[in-house]
Amino acid sequence: MILLMQGLFWGLFSAPWGPRPQLGAIDRIEFSRAELAELKAPTPAAADAAPHEKINLPYTDCCDPAYLSLRTFFDLAEAPAGGLGMVAYQQVDNFIIRVNGSLVHQVGEMEFGRQTFHGQRPYLLHLPAGLLKTGENEISFITVRQGFPYTDLIAPLMGDHEQVREATALRFWQSLDYRLLGGGLTFILGLFAAIMVFRSQDRRFAAWLMVLCWSWTAFAAYGLVFDLPFGGTGRMAAFFAINTLIASSLLCFIDAWTRRPALWGQTAVEVIWLLFNAAVVVCLYAMPMPEGFDLASEGWSWFSLIAGVLVVARLVWHFATVAEDRHLEAALLSVCAVCLALDGVGEKFGLLAGGYLIDAAPLLLLAFVAAFVQRNFTLFRSAVGLNAMLETRLRAREVELAKAHERERELVDREARSEERRRLMRDMHDGVGGQLVGLLLSVRRGAVDNERVAEGLQGVMDEIRLMIDSVDTAGASLDAMLAVFETRVRPRVQDAGFDFGWRVERTGTADLAPQDVLQVFRIMQEAVTNAMKHSGGDRIDIVVSDHVDGELRVRISDNGRGTDAAANDASQTRGHGLGNMRSRATALGARLAFLDEQPGTAVVLDVPIAVEVRQAA
């Protein structure tokens, strides 16, 4: 792909059959002599009064700011009816053109400090037959130059107007229209890259693409905007800054494109670019001319050469070490690298014409962005298809999960029912069963009267009522369970001859899962039953409060004989009551403590509790 793109680019760029300026087809009019004078003011009157000296063209004047008058002379056997065409270009800031004393061109300002730079572009002028004469004719230039130390004067290209127009049309299009279109194109591509900076995962890649595009836009503006506010020296500094920025941003852009940027490489290039241009400013403003410009120009040639070599080396290293799959983008970047390298060689050694990257950059950037967008659009289409496939699989998986959830819920329900049956059997055995067996044995021995039988049956009924209440509150909230518990237990405790204290001091809205509410209910039920049967006291107090963050505290205390005596009595007559309380607390992840209050016993239950538990459950 690289070889194909290189062949295609250079074949089109330098194809002998491609469009070329046909300068050899012009019957050129040769100039017989040239004369030069330095002026005190850039006016026709000053030029006419100044003494001129003969020179040979091309001619270079150096080094102080100067107004110059250049006279060129040519002979005509007769004035052509269609007039003459002349390509006017001098390496100066601005100029005025006269033909046989008649003004034919004047654009912008000519005075030092206020001069514009319209002389930096060529002009195709039509010299009408009325201004020409048989014999010797004179074309004079009045020029201004300030900042740039060299004034380069050349002989104009002149011939038949139609011949000159046709032969130079392509060159004028390249230097004016193409540069204008290229500047607009790279500006738009830079906007696209700026959007990518905020949307792309690789922001450095997008940022350097933006800088590369806008540096070429700045280059185009440099050649098309002539009324600059910073004078000739500032224009030179801008020239070096823009051209080195194109080379630097291309190097950093390629480094970011590889997805394996060199450690500190881009930062180093940024620092070098800043230091170089700071040195250029020092050379231009602090050193005498032309030494300052010559030193800056020499540094620029080395900068361009090194940048070209580094760009080629970076791409070669990348292709040698990474299996690259972005073939078209890689090929386009290889063309950019070769163009920059050739430009660097041309600037340093003067072996080649140079300007390859400048001429090709807009089209290469457009092709690169198009390839990038096409690749990402393909990925986008693949992502759309992948999303559709994943959505189909997701729906099938949701159906499977719904079925699995239904099966799991049935299993949980069966397990819950089995656990509830085991709990009821355990409570019947340890509570109601124990009391009935005790009454039966007492009746058989004849050691019980009707009052004791009635009391025992009343206890059995109370036990059964609490069991029913515990079933009814299995799905209730904590607050609902506490209300039911207080309603049921208070009369039972008071009928047994105990004072009953009840206090709920909850400030939060946190709740327990229904199965945990049931376990708390059972523990409280067991603790109250033990206190009535085994404490030997006459008061039971229950306090429900928020203990610490994320915990509920339930405290059930009596004023009886204390922990050891009550526990010993309970172990002989109650069976597995205390063990059941501990196992239920373990299931809750709670802490259960039996405290000796002297007098009395306190059962303290600390239950972890969380906000929104009920909704989550």
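All of these numbers come straight from a predicted model, not from anything done at the bench. (Residues numbered from 1 in each chain as written. Predicted model: local features only at pLDDT ≥ 70, side-chain atom pairs only at ≥ 80, totals over all residues. Heavy atoms only, no water.)

Participant: Any chance you could explain the overall build of the chain here in plain terms?
Facilitator: A tally of helices and strands in the chain yields 15 helices and 16 strands. Burial status across the chain gives 44% buried among its 617 residues. For the chain, long-range pairs separated by at least 24 residues make up 76% of all intrachain contacts whose partners lie at least 6 apart in sequence. Of the roughly 32000 Å² of accessible surface on the chain, a fraction of 59% belongs to carbon and sulfur atoms. (Helix = DSSP H or I, 4+ residues; strand = E, 2+ residues; numbered from the N terminus. Buried < 20%, exposed > 50% of the residue type's maximum accessible area, 1.4 Å probe, protein only. Contact = heavy atoms within 4.5 Å. Areas by Shrake-Rupley, 256 points an atom, 1.4 Å probe, with all protein chains shown as cover.)

Participant: Hey, could you run me through the environment of Asp479 in this one?
Facilitator: Structurally, Asp479 can be placed in helix 11 (residues 478-495). Taking relative accessible area as the criterion, Asp479 reaches 48% and is therefore assigned partly exposed. Sequence spacing of Asp479 and Val504 is 25 residues, and the spatial spacing of their C-alpha atoms is 9.5 Å.

Participant: Sorry, what's going on with the nonpolar core here?
Facilitator: Here is a general trend for soluble globular proteins: nonpolar side chains tend to be buried in one another's company. Within the largest apolar cluster, 64 residues are counted, with the highest numbers of intra-cluster contacts made by Phe205, Ile246, Leu250 and Phe253. Considering every element that reaches this core, the biggest residue donor is helix 5 (residues 231-257), with 13 residues. For Phe253, the residues in contact, after removing those within four places along its chain, are Phe205, Trp208, Leu209, Leu212, Leu333 and Phe368. Counting residues in each nonpolar core, the second largest holds 33 residues, with Phe500, Val528, Leu552 and Val554 among its members. (Core = buried A, V, L, I, M, F, W, Y, C linked by side-chain atoms within 4.5 Å.)

Participant: Would you mind showing me how to read the pairing of strand 4 (residues 66-76) here?
Facilitator: On a regular strand, each side chain points to the face opposite its neighbour's, so the side chains alternate between the two faces of the sheet. Burial runs high along strand 4: 10 of the 11 residues are buried. Sheet topology note: the strand 1 (residues 33-39)/strand 4 ladder contains seven bridges and is antiparallel. The residue bridging Leu39 from the neighbouring strand is Tyr67, located in strand 4. Pairing geometry for strand 4 and strand 9 (residues 135-145), over 11 bridges, is antiparallel. Its bridge partner being in strand 9, Tyr67 is matched across the sheet by Val144. (Pairing = 2+ DSSP bridges.)

Participant: When you look at the packing of aromatic side chains in this model, what are you seeing that I'm missing?
Facilitator: The relative placement of two aromatic rings is captured by the distance of their centres and the angle of their planes. For the structure shown, the criterion picks out 22 aromatic pairs. Ring geometry for Tyr222 and Phe239: centres 5.9 Å apart, planes at 50°, overall tilted. On the criterion of sequence distance, the pair formed by Tyr222 in helix 4 (residues 203-224) and Phe239 in helix 5 is long-range, its members being 17 residues apart. Among the residues examined, Tyr222 registers a relative accessible area of 16% and is labelled buried. The class of Phe239 is partly exposed, set by a relative accessible area of 24%. Pairwise contacts between aromatic rings join Phe148, Tyr150, Tyr222, Phe239, Phe240, Phe293 and Trp300 into one cluster. Arg33 extends its terminal NZ or CZ atom over the ring of Phe73, reaching a point 3.8 Å from the ring centre. One cation-aromatic arrangement involves Arg121 over Tyr123; the distance from NZ or CZ to the ring centre is 4.2 Å. (Phe/Tyr/Trp six-rings, centres within 6.5 Å; stacked < 30°, edge-to-face > 60°. Lys NZ or Arg CZ within 6 Å of the ring centre and 35° of its normal.)

Participant: Could you clarify how one ought to interpret the sheet that holds strand 15 (residues 591-596) in this entry?
Facilitator: One key point about sheets: their strands pair by backbone hydrogen bonds, in either a parallel or an antiparallel sense. With mixed pairing, five strands are arranged side by side in an open sheet as 12-13-14-16-15. Two strands bound the open sheet, and with one partner strand each, they are strand 12 (499-505) and strand 15. Neighbouring strand axes in the sheet, compared pairwise and without regard to direction, differ in orientation by 10° on average. Pairing of strand 14 (residues 551-558) with strand 16 (residues 601-608), which is carried by seven bridges, proceeds in the antiparallel orientation. Among the inter-strand pairings, Arg555 is bridged to a residue of strand 16, identified as Val604. Across the sheet, helix 11 is in contact with strand 12, strand 13 (539-546) and strand 14; its angle to strand 12 comes to roughly 170°. Sheet strands touched by helix 14 (residues 577-588): strand 15 and strand 16. Its angle to strand 15, the strand with the most contacts, is close to 140°. (Axes fitted to C-alpha atoms, helices over the stretch in contact; angles between N-to-C directions.)

Participant: How do you make sense of unusual backbone geometry when you look at a structure like this?
Facilitator: Pro58 follows Leu57 through a cis peptide bond whose omega is 0°. Mapped onto the secondary structure, Pro58 falls in the loop between strand 2 (53-55) and strand 3 (59-62). Across the junction of Met289 and Pro290, the peptide omega takes the value 10°, indicating a cis bond. Counting through the fold element by element, Pro290 comes out in the loop between helix 6 (265-286) and helix 7 (291-321). Positive phi, close to 50°, is recorded for Asn100, a residue that is not glycine. Its place among the elements puts Asn100 in the loop between strand 6 (94-99) and strand 7 (102-106).

Participant: Would you mind showing me how to read the pattern of salt bridges here?
Facilitator: Opposite charge on two side chains lets them pair, provided their charged atoms get close. Counting across every chain of the model gives 24 salt bridges. A salt bridge links Arg539 to Asp541; the shortest N-O distance between them is 2.9 Å. Judged by its relative accessible area of 32%, Arg539 falls in the partly exposed class. Its relative accessible area of 23% is what places Asp541 among the partly exposed residues. Each of the salt bridges in this network shares a partner with another, and the network as a whole consists of Arg33, Glu35, Arg71, Glu136 and Glu138. (Salt bridge = Lys/Arg side-chain N within 4 Å of Asp/Glu carboxyl O.)

Participant: Before we go on, may I ask you to explain the confidence of the model for the chain in this structure?
Facilitator: Detailed conclusions should not be drawn from predicted coordinates in areas where pLDDT is low. Mean pLDDT for the chain: 83, with 88% of residues reaching 70 or above. In this model, residues 568-575 is a region of pLDDT below 50 whose contacts with residues beyond four sequence positions or in other chains number 13 contacts. Every residue in residues 611-617 is under pLDDT 50, and counting partners more than four places away or in other chains gives 12 contacts. (pLDDT = per-residue confidence, 0-100.)

Participant: Which parts of the structure should I look at to understand the sheet that holds strand 9?
Facilitator: Sheet architecture is open: six strands sit in the order 2-1-4-9-6-7, paired in antiparallel fashion. Only two strands of the sheet have a single neighbouring strand rather than two, namely strand 2 and strand 7. With direction set aside, neighbouring strand axes in the sheet form an average angle of 25°. Pairing of strand 1 with strand 2, which is carried by three bridges, proceeds in the antiparallel orientation. By the bridge assignment for strand 2, Glu35 is matched with Lys54.

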